Amino acid sequence: MEIAIIGAGPIGLSTAGKLSSLGHNVIVYEEHRFIGIPQHCAGVVSRSFIERYVGSKHVLNRFSRIKLYSPSNISVTLDGNSWFVGVIDRIGFDYELYNKCYEYCCLGVRVKAVNYKKAAIEVNGILKNYDLVINAEGASHKILGKTLNPYVDRIPGVQMDLECKLNNVDLDTVQVFFSRLTPKFFIWLLPLGDGIVRIGLGSDRKPYTRLIYVLNKHPVISKQIGKYRVLKVFGGWILRGPALKAPYLSRLLYIGDSAIQVKPLTGGGLLTGLKSVDALTKAFTECSDVNNIGVRYAKLNLDLSMKLRRQRVLVKFLNLLVNTPKVMDKAFSIIGQSSLLDVISKDLDFDNHESIPRSLVFKAHLAISGFLRALTS
Ligand SMILES: Cc1cc2nc3c(=O)[nH]c(=O)nc-3n(C[C@H](O)[C@H](O)[C@H](O)COP(=O)(O)OP(=O)(O)OC[C@H]3O[C@@H](n4cnc5c(N)ncnc54)[C@H](O)[C@@H]3O)c2cc1C
């Protein structure tokens, strides 16, 4: 089959590698001239993701703890005992995928338009026909917006790599701050080692200005960071769902961020995108008729889409339950004092955000009494 892939991010590149190894003729169009640039991703992934997809080569740091801060900086620490989360060098990771399929990639070529009925794309003013077009354009959603045009919940995210002294910071710990400045999301602080820290936030309003404010004025962060030198600033749209249930339109298929295949709690899309690549590859092995591949792919990926949609409902429910900084502070102080923390730490699964509420449900008596105390005290 002749297949055009739009976008040489990790998902487009993995798709190209897998489909070419099945014997298809693929061509990847990437609008930027360099792989992985501009960067937008923090690169936080689970240990099992690293072991399965990355190896140790592109790992910048490994963490065995996540420390969470309430708006008034009451903190609780989830301790995984050994490392369970890592931060990877996204540019290096993307390049490794590119090296496996560079001969099929056209860099610096933007796909301007798509005709999904004819599986045709417009590049450099020329219309080209394929058997199938795969949209891996990421979160820009220019093609998604002009074709399926679904509702997308997203917020701008900005982050910086800083050189600083990092006073009293445990290099083994990811820090997450819930703050009045980031009411719909959070601030993350990732020590990368060698005096370098990655800090970012998601906010609907003035994310860059707020990040600068946090660096200089946040009572915990400004003390930890002290004097700093900005090495780079980057960011992009953080998607929060809902994942497309049917990620295709005739002979145009959507995958990765273009299909909103992300974890709604964090906006992380590497694992979920690569899982979808597996489903898509399977659909190709099972269908010889090009017209059936979209339906098959949607069916094979339905469990994942539904799981992500359920996670989104859960996130919204949690937002409703813990809806003010005051309630969040109270919840943090109760969680810190009760045995809930041990329950959550024991069942911690970074790839499966349902694990935390699920373990809370199984220990419902602890959860309910904890939250009731938080809400009423
Ligand atoms: C601030 C921030 C932090 C994040 N942190 C994490 C994290 O810690 N962990 C995690 O798992 N995920 C994280 N993500 C999400 C993660 O970056 C994405 O899920 C992942 O990059 C999706 O890969 P993709 O290949 O679908 O899209 P992308 O990586 O966005 O790649 C899409 C590619 O398509 C190209 N393109 C777009 N339109 C066209 C066109 N018309 N023609 C040609 N080329 C085109 C783009 O240039 C780009 O190279 C974060 C996102 C943001 C914004």
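All residue numbers refer to positions counted from 1 along the written sequence of the respective chain. Side-chain atom pairs in this predicted model are given and counted only at pLDDT of 80 or more, local residue features only at pLDDT of at least 70, and totals for whole chains, interfaces and linings cover all residues. Think of the side-chain values as coming from all heavy atoms in the structure, minus any hydrogens and water.

### Regarding the overall build of the chain
Here is step 1: Along the chain, the regular secondary structure elements total 13 helices and 19 strands.
Here is step 2: A radius of gyration in this sense is built from C-alpha atoms; the matching globule rule multiplies 2.2 Å by the number of residues raised to 0.38. At 21 Å, the chain has a C-alpha radius of gyration in line with the 21 Å of a compact globule built from 377 residues.
Here is step 3: Overall, the chain is about 65 × 45 × 35 Å in size when its C-alpha atoms are taken along their principal axes.
Here is step 4: Taken over 377 residues, the chain has a buried fraction of 52%.
Here is step 5: Per-residue and other accessible areas were derived by the Shrake-Rupley procedure at a 1.4 Å probe size, with only the shown protein chains allowed to occlude residues. Only carbon and sulfur atoms are counted for the fraction: they give 54% of the accessible area of the chain, which is about 17,500 Å². A run of H or I in DSSP becomes a helix once it reaches four residues, and a run of E becomes a strand once it reaches two; helices and strands are each numbered from the N terminus. Per-residue accessibility, obtained with a 1.4 Å probe over protein chains only, is compared with the maximum for each type, and a residue is labelled buried under 20%, exposed over 50%, and partly exposed between these values.

### With respect to the site of the ligand
Here is step 1: Here, proximity means that at least one heavy atom of the residue falls within 4 Å of the molecule or strand. Glu30, His32, Val44, Arg90 and Asp257 are the nearest of the 32 residues found near the ligand.
Here is step 2: In protein, a polar contact means a hydrogen-donor-capable atom and an acceptor-capable atom, both N or O and within 3.5 Å, with residues adjacent in sequence counting only if both atoms are side-chain atoms; elsewhere, any N or O pair within 3.5 Å suffices. Between the ligand and Arg90, the relevant distance is 2.9 Å, taken from an oxygen atom to a side-chain nitrogen or oxygen of the residue.
Here is step 3: A distance of 3.2 Å separates an oxygen atom of the ligand from a polar backbone atom of Leu270.
Here is step 4: Broken down by element, the residue count for the shell around the ligand peaks at three residues, all from strand β17 (residues 228-239).
Here is step 5: Asp, Glu, Lys and Arg are counted as charged, while Ala, Val, Leu, Ile, Met, Phe, Trp, Tyr, Cys and Pro are counted as nonpolar; the rest, among them Gly, fall into the polar class. Looking at side-chain class alone, the shell around the ligand contains 14 nonpolar, 12 polar and six charged residues.
Here is step 6: Residue ranges labeled as domains rest on an automatic or database domain assignment. Shared between two domains, the shell around the ligand takes at least three residues from each, and those domains are domain 1 (2-31 + 108-152 + 242-311) and domain 2 (65-83 + 154-239).

### Side note on the packing of aromatic side chains
Here is step 1: Pairing of aromatic side chains requires ring centres within 6.5 Å, counting the rings of Phe and Tyr and the six-membered ring of Trp. Pairs whose planes differ by under 30 degrees are stacked, by over 60 edge-to-face, and all others tilted. Going through the model one piece at a time under the given rule, you end up with 10 aromatic pairs.
Here is step 2: With a centroid separation of 6.0 Å and an interplanar angle of 75°, the aromatic rings of Phe186 and Trp188 are classed as edge-to-face. Trp188 shares its class with Phe186; the two are buried.
Here is step 3: Within the aromatic cluster, the residues linked to one another by ring pairs are Phe178, Phe185, Phe186, Trp188 and Phe332.
Here is step 4: Definition used: whenever NZ (Lys) or CZ (Arg) falls within 6 Å of the ring centre and also within 35 degrees of the ring normal, the charge is taken to sit over that ring. In this structure, Arg154 is placed above the aromatic ring of Trp237, and the distance from its NZ or CZ to the ring centre is 3.8 Å.
Here is step 5: Here the guanidinium or amino end of Lys232 rests over the ring plane of Phe234, the centre of that ring lying 5.1 Å away.

### Here's the deal with the packing of helix α1 (residues 10-21) against helix α3 (residues 90-99)
Here is step 1: Each axis is a line fitted through C-alpha atoms, and for a helix only the stretch in contact is used; angles between axes span 0 to 180 degrees, taken between their N-to-C directions. Viewed as axis vectors pointing N to C, α1 and α3 meet at an angle of 20°, and their least axial separation amounts to 9 Å. In terms of their interaxial angle, α1 and α3 are classed as roughly parallel. Judged by the twist between their axes, the crossing of α1 over α3 is left-handed. Listed contacts from α3 to Pro10, Leu13 and Ser14 of α1 are Arg90, Phe93, Asp94, Leu97 and Tyr98.
Here is step 2: For the contact of α1 with α3, the residue count by class is five nonpolar, one polar and two charged. Angular relationships are summarised with four words: roughly parallel below 35 degrees, roughly antiparallel beyond 145, roughly perpendicular across 65 to 115, and oblique for the angles in between. Crossings are assigned a handedness: left-handed for a near helix turned anticlockwise from the far helix by less than a right angle, right-handed for a clockwise turn. Contact between two residues is taken to exist if any of their heavy atoms lie within 4.5 Å; hydrogens are not considered.

### Let's talk about the sheet that holds strand β1 (residues 2-6)
Here is step 1: Pairing is mixed across the open sheet formed by six strands, whose spatial order is β8-β2-β1-β12-β19-β18. The open sheet has two free edges, formed respectively by β8 (105-107) and β18 (248-249), since each of these has just one partner strand. A strand pair is defined by DSSP finding two or more bridges across the two strands.

### Considerations on the domain arrangement of the chain
Here is step 1: When its domains are assigned, the chain resolves into domain 1 (2-31 + 108-152 + 242-311), domain 2 (65-83 + 154-239) and domain 3 (323-376).
Here is step 2: Spacing between the C-alpha centres of domain 1 and domain 2 amounts to 32 Å.
Here is step 3: Each side of the interface is counted separately: domain 1 has 11 residues, and domain 2 has six residues.
Here is step 4: In short, buried area is how much 1.4 Å probe accessible area vanishes from two parts on joining, totalled over both. When residues of domain 1 are sorted by the area they lose upon contact with domain 2, Ala139, Val152 and Thr266 head the list and together hold 52% of the total.
Here is step 5: In the sections that follow, a salt bridge refers to a side-chain nitrogen of Lys or Arg positioned within 4 Å of a carboxyl oxygen of Asp or Glu. Seen at the junction of domain 1 and domain 2, the total is zero salt bridges.
Here is step 6: Connecting domain 1 to domain 2 are zero residue pairs in polar contact (both at pLDDT 80 or more).
Here is step 7: The residue inventory of the side of domain 1 that touches domain 2, partitioned by class, reads five nonpolar, four polar and two charged.

### Description of the packing of helix α2 (residues 47-54) against helix α7 (residues 270-286)
Here is step 1: Contact pair α2 / α7: the axes reach a minimum separation of 11 Å and the direction vectors enclose 45°. Viewed along their axes, α2 and α7 adopt a mutual orientation that is oblique. Considering only the axes of α2 and α7, their crossing is left-handed. Facing α2, whose interface residues are Phe49, Arg52 and Tyr53, α7 presents Leu270, Leu271, Leu274, Lys275 and Asp278.
Here is step 2: A breakdown of the residues in the contact of α2 with α7 according to their chemical character gives five nonpolar, no polar and three charged.

### Here's the deal with α7
Here is step 1: Multiplying 1.5 Å by the helix residue count minus one yields the expected span of that helix. Look at α7: 25 Å from first C-alpha to last across 17 residues, which is about the 24 Å you get at 1.5 Å a residue.
Here is step 2: Buried residues dominate α7, accounting for 12 of its 17 residues.
Here is step 3: Along α7, the positions that sit buried rather than exposed are Leu270, Leu271, Thr272, Gly273, Leu274, Ser276, Val277, Ala279, Leu280, Thr281, Ala283 and Phe284.

### Examining the sheet that holds strand β5 (residues 65-69)
Here is step 1: What the seven strands build is an open sheet, ordered β6-β5-β14-β15-β16-β13-β17; its pairing is mixed. Unpaired on one side and paired on the other, β6 (75-79) and β17 mark the two borders of the sheet. The mean inter-strand angle of the sheet, taken between neighbouring strand axes irrespective of direction, is 20°.
Here is step 2: Pairing analysis gives three bridges linking strand β14 (residues 173-177) to strand β15 (residues 187-193), with the strands arranged antiparallel. Across the sheet, Gln175 pairs through a bridge with Leu189, a residue of β15.
Here is step 3: The strands touched by helix α5 (residues 207-217) are β13 (154-164), β15, β16 (196-202) and β17; relative to β13, the strand with the most contacts, the crossing angle is about 40°.

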